[in-house]
Amino acid sequence: MKIVLMGAPGCGKGTQSPFLKERYHICHLSTGDMLREAVANKTENGLKAKAAMDSGALVTDDIVFGILKDGMKKPECSKGYIIDGLPRTLGQAQRMQETGIEVDQVVSFDVPDEVIVERTSGRWIHRASGRTYHEKFFPPKQAGVDDATGEPLMQRPDDRKEVVVKRLEVYHKEINPIKDFYRNLGIFASINGNRALEDVRASLTSILDPIYHKLGGKLHHSH
């Protein structure tokens, strides 16, 4: 089974991916993670991506698709995949179709902008240890300070409120034509991502289980 998960950063799709991966015996292809991995492993596409990033240029579609195609060759992807982070533009959606990257179902996680802003813009990190805090959901004992070391916390530029708001504006502009594209193909579904983890999971399985069965998949466990 081949799935595309869509949703703004912070919508919760990353949290659900391990569950889907295990349930349907498919691999999780997160374009962001794969890009970082390719750069770290100095693969051909990774070196191209690093050169682009170092010069302040955007990583081109050619590189992103090269990294995705490399990832799809992994043995754990033989029964299908979850693509997370692509397509980001209508052009990429069309290119996926033209280059034979099959998609059985697209699921969009719909979460109100103000919730996304609250979830993502409250993150603070202790750089040395990687410990993460959240102003609302997991605050440090003392504001702006790591619990264990007392060292100052930092906020990634990406996690600043005004950056998150701007990013969401761009996201909606790009994403609506993609939703229409998949809606016209009859493979688009959206779920309310602003609920408890279990409820979101139940929505996902109600959409995906029937498709999995139709493709000949067998579910071995009841949960």
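Note that the structure is predicted; figures quoted are calculated from it, not measured.

Student: Let's hear about unusual backbone geometry: which residues, and what values?
Tutor: Of note, the amide linkage connecting Leu86 to Pro87 takes the cis form, showing an omega dihedral of -5 degrees. With respect to the helices, strands and loops of the structure, Pro87 is situated in the loop between strand 3 (81-84) and helix 5 (90-98). Residues other than glycine seldom take positive phi values, yet His25 does so here, at roughly 55 degrees. Structurally, His25 is set in the loop between helix 1 (13-24) and strand 2 (27-30). A positive phi is found at Lys42, a non-glycine position, where the angle reads about 55 degrees. Its location among the elements puts Lys42 in the loop between helix 2 (31-40) and helix 3 (44-54). Lys42 sits in the exposed class, given a relative accessible area of 59%.

Student: Could you give an account of the sheet that holds strand 7 (residues 188-192), with specific residues and numbers?
Tutor: The five strands lie next to each other as 2-3-1-4-7, forming an open sheet whose pairing is parallel. One side of each edge strand has no neighbouring strand; the edge strands of this open sheet are strand 2 and strand 7. Across the sheet, the axes of successive neighbouring strands diverge by a mean angle of 20 degrees, strand direction being ignored. Across five bridges, the pairing between strand 4 (residues 105-110) and strand 7 is parallel. Counted as the bridge partner of Asp110 is Asn192 from strand 7. Packing against the sheet, helix 2 makes contact with strand 2 and strand 3, and its axis sits at approximately 75 degrees to strand 2.

Student: Talk me through the state of the cysteines; I want residue IDs and the actual numbers.
Tutor: As enumerated under the stated definition, the model contains one disulfide in all. Each disulfide pairs two cysteine sulfurs, and for Cys27 the partner residue is Cys77, the sulfurs being separated by 2.0 Å. Between Cys27 and Cys77 the disulfide shows an S-S torsion of about 110 degrees. By sign, it is right-handed. Taken together, the positions of Cys27 in strand 2 and Cys77 in the loop between helix 4 (61-72) and strand 3 put the pair 50 residues apart, joining distant regions of the chain.

Student: Please provide a residue-by-residue account of helix 4, values included.
Tutor: Helix length check: helix 4 (12 residues) gives 16 Å between terminal C-alpha atoms against 16 Å at 1.5 Å per residue, within 8%. Turning to helix 4, its buried residues are Ile63, Val64, Phe65, Gly66, Ile67, Leu68 and Gly71. Tucked inside the fold, the buried residues of helix 4 contact strand 2, helix 2, helix 3, strand 3 and helix 5.

Student: Tell me about the pattern of salt bridges, residues and numbers included.
Tutor: For the structure shown, the criterion picks out 16 salt bridges. Lys141 serves as the salt-bridge partner of Asp147, at 3.8 Å between the closest nitrogen and oxygen. Classification of Asp147 by relative accessible area gives partly exposed; the value is 34%. On the basis of relative accessible area, Lys141 is assigned to the exposed category, the value being 76%. A cluster of three or more residues bridged by salt bridges with shared partners is formed by Arg123, Arg156 and Asp159.

The rules behind these values
- Residues numbered from 1 in each chain as written.
- Predicted model: local features only at pLDDT ≥ 70, side-chain atom pairs only at ≥ 80, totals over all residues.
- Heavy atoms only, no water.
- Helix = DSSP H or I, 4+ residues; strand = E, 2+ residues; numbered from the N terminus.
- Buried < 20%, exposed > 50% of the residue type's maximum accessible area, 1.4 Å probe, protein only.
- Pairing = 2+ DSSP bridges.
- Axes fitted to C-alpha atoms, helices over the stretch in contact; angles between N-to-C directions.
- Contact = heavy atoms within 4.5 Å.
- Disulfide = S-S within 2.5 Å.
- Expected span 1.5 Å × (residues − 1).
- Salt bridge = Lys/Arg side-chain N within 4 Å of Asp/Glu carboxyl O.

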